[in-house]
Amino acid sequence: MTRYGLSLLLLLLSSCVLAEVAVEGRIKFQHIENNELSDTNLSTNFARLLLKADLPLSNNSLFYLETIAAYDSSFAQGKYSFEHNEFDLHQGYLSVTSPNHAIKLGRQVWSVADQRLLGKREGTNVRRRFDGVMYQNNVLNQLQINAYHGYAVASKTGVFDDKYLSSERITGVYFSTAELLLHSMWYRDTTAENNESRHTIEAQYRKELGRFSSTFHVAHQTGIVKSEHTKAWFAQFSGLYSFANLKFGPTLSYATGGEAGHEDGYFRSLYAKAPYYSEAGIFSTTNIKHIGAKLQAQLTDKFDISLDMRRLFRVNEQGDIFGPGRSLFIANEQLKGAKIADTYSLTTQYLYTKKISFELITSYINMSNRANLEKDQSFFVEAMLHFAY
């Protein structure tokens, strides 16, 4: 960030007496028992603090400001990191609204429906951001049209040093109603080492029939990576049946990809050049299919709990699979259809007041013995604290 940008930030902070200020904090501990890449265990502590402020400019415009300080105990040194950032501008954009239109201009984290766009996974301390513009148009109060264009922001580790990358840009548009989402996105990275262009189209459909609700999600991607034509696609289904204060239902997904015209060609991941979705629990790849179940319980008006259980299988023989964190790795010599792991994720949420909430996420992974690893368990604990005033 330039000196001009820093001066602007300080000026905006000085006007916070007129703003609504919020603070979001998160503490996370991660332990990986098996780490084939270095054959050592890995325990890491993470922490993140976001300071947010809405700075009104007029009745229909404001400047949204969000700063970040992120800590990674395993960080040694380096220029870039998605986990460690001493202090920087996380988001900062001008928002102008009217009854049927809205526009955001500046640095922002983009979302499509309930999915965060182009993020590695929600678990990273520093979310992926873009310097660009997002336009929204509400049509007849039923159809919403959104269009966006921007440049990726390099996540550096120092103080006010995050800058946009002119070589990495994205353009997209999506249409959404209460039940249907249609989305098209074009991603380009023109650096010599990557030379990448991908186009993704996706559809998501939600339907409620009495006590049963369901969600269908499909995505298809084509692209060119270093002169190689690639393709990938993804499909997921989830359903929930409600009775009393409980919701229970199945989840299924299938995701695959490779060189165009070669079913078992070298796997090119659809993730993370597509919208953020959790197609295989907390595994960050698409060379996976799963079958599972989800249980949600509203215990009180302030406390709820959910359990997500999944069994993961390999789709293609080719293609490495990386699990949670940055080091858990499953070698690619496994057979197509082989069981990879069982995953369990328990989430508890407690609303202390209207402005203070707690969320605790505990995840457990039991690796398959067919992964040929000496140790076969990984355990993750993630705790997040949210409050605003």
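For clarity, every value in this text was computed on a predicted model and none was experimentally measured.

**Concerning the overall build of the protein chain**
Secondary structure summary: the protein chain contains 1 helix and 23 strands in total. Relative to its 389 residues, the protein chain shows a buried fraction of 45%. Put simply, 57% of the contacts in the protein chain that link residues at least 6 apart link residues at least 24 apart. On the protein chain, roughly 19,400 Å² of surface is accessible, and the fraction owed to carbon and sulfur atoms is 58%.

**Quick notes on the packing of aromatic side chains**
The relative placement of two aromatic rings is captured by the distance of their centres and the angle of their planes. Throughout the structure, instances matching the rule amount to 9 aromatic pairs. Note on W110 and Y148: the rings are 5.1 Å apart at their centroids and 45° apart in plane angle, and the pair reads as tilted. Taken together, the residues W110 in the loop between strand 5 (101–108) and strand 6 (111–112) and Y148 in strand 9 (residues 143–153) connect sequence positions 38 residues apart. Its relative accessible area of 3% is what places Y148 among the buried residues. Among the aromatic residues, those joined into a ring-pair cluster are W110, F130 and Y148.

**So, the pattern of salt bridges**
Counted according to the given criterion, the structure contains 6 salt bridges. We note a salt bridge from D162 to R129, for which the minimum N-O separation is 3.2 Å. A residue pair is termed long-range when its members are at least 10 positions apart, and D162 in the loop between strand 9 and strand 10 (164–176) and R129 in the loop between strand 7 (115–116) and strand 8 (130–139) qualify at 33 residues. Among the salt bridges present, the one from R310 reaches D308, with a minimum N-O distance of 3.1 Å. Residue classification places R310 among the buried residues on the basis of a relative accessible area of 11%. Residue D308 is classed as buried on the basis of its relative accessible area, which comes to 15%.

**A word on the pairing of strand 11 (residues 180–189)**
Pairing between strand 10 and strand 11: 9 bridges, direction antiparallel. Opposite Y174, over in strand 11, you have H183 as the bridge partner. The sheet contact formed by strand 11 and strand 12 (residues 196–209) spans 10 bridges and is antiparallel. The partner of Y187 across the bridge, within strand 12, is R198. Two successive antiparallel strands, strand 11 and strand 12, enclose a turn made up of 6 residues, where N195 displays a positive phi of approximately 45°.

**Section: a nonpolar patch on the surface**
Together, L57, L94, V96, I103, L105 and Y135 line one region of the surface with nonpolar side chains, adding up to about 480 Å² of accessible area. Elements that contribute at least two residues to the nonpolar patch include exactly strand 4 (85–97) and strand 5. Locating L105 in the fold gives a position in strand 5.

**Digging into the nonpolar core**
Counting 10 residues, the largest nonpolar core is built from W110, V112, F130, M134, Y148, A152, I170, Y174, L181 and M185. Looking at this core, the elements with two or more residues in it are strand 8, strand 9, strand 10 and strand 11.

**A look at the confidence of the model for the protein chain**
Any segment with low pLDDT has predicted coordinates that should not be analysed in fine detail. The predicted model of the protein chain has a mean per-residue pLDDT of 76, with 71% of residues at 70 or higher. Taken element by element, the protein chain is modelled with least confidence in strand 16 (residues 279–282), mean pLDDT 37, and with most confidence in strand 5, mean pLDDT 95.

**A closer look at the environment of V21**
With respect to the helices and strands, V21 occurs in strand 1 (residues 20–32). When its relative accessible area of 23% is taken as the criterion, V21 is described as partly exposed. When the C-alpha atoms of V21 and K52 are compared, they prove to be 5.6 Å apart, with 31 residues separating the residues in sequence.

**Concerning the environment of R169**
Within the secondary structure, R169 is located in strand 10. Taking the C-alpha atoms as reference points, R169 and R188, 19 residues apart in sequence, are found 5.5 Å from one another. Setting aside its immediate chain neighbours within four residues, R169 contacts H149, G150, Y151, W186, Y187, R188 and T190.

**Observations concerning the pairing of strand 5**
Of the pairings in the sheet, the one linking strand 4 to strand 5 comprises 6 bridges and is antiparallel in character. Note on strand 5: the bridge partner recorded for T97 is A102. Examined bridge by bridge, strand 5 and strand 8 share 8 bridges and lie antiparallel to one another. When the sheet's bridge partners are listed, I103 is paired in strand 8 with Y135.

**Describing the side chain of D308**
Summarising the element assignment, D308 is placed in strand 18 (residues 303–314). There is a polar contact of 3.1 Å between the side chain of D308 and the side chain of R310. When neighbours within four sequence positions are excluded, D308 is seen to be in contact with A293, K294, T343, Y344 and S345.

**Side note on unusual backbone geometry**
Backbone geometry places F160, a non-glycine residue, at a positive phi of 50°. With relative accessibility at 14%, the residue F160 sits in the buried group. A positive phi angle, near 55°, is found at A244, a position not held by glycine. Residue position: A244 is located in the loop between strand 14 (228–243) and strand 15 (246–259). With relative accessibility at 76%, the residue A244 sits in the exposed group.

About the thresholds
- Residues numbered from 1 in each chain as written.
- Predicted model: local features only at pLDDT ≥ 70, side-chain atom pairs only at ≥ 80, totals over all residues.
- Heavy atoms only, no water.
- Helix = DSSP H or I, 4+ residues; strand = E, 2+ residues; numbered from the N terminus.
- Buried < 20%, exposed > 50% of the residue type's maximum accessible area, 1.4 Å probe, protein only.
- Contact = heavy atoms within 4.5 Å.
- Areas by Shrake-Rupley, 256 points an atom, 1.4 Å probe, with all protein chains shown as cover.
- Phe/Tyr/Trp six-rings, centres within 6.5 Å; stacked < 30°, edge-to-face > 60°.
- Salt bridge = Lys/Arg side-chain N within 4 Å of Asp/Glu carboxyl O.
- Pairing = 2+ DSSP bridges.
- Patch = residues over 30% accessible without salt bridge, like charges linked within 9 Å, V, L, I, M, F, W, Y side chains within 5 Å.
- Core = buried A, V, L, I, M, F, W, Y, C linked by side-chain atoms within 4.5 Å.
- pLDDT = per-residue confidence, 0-100.
- Polar contact = N/O pair within 3.5 Å; in protein donor to acceptor, adjacent residues only side chain to side chain.

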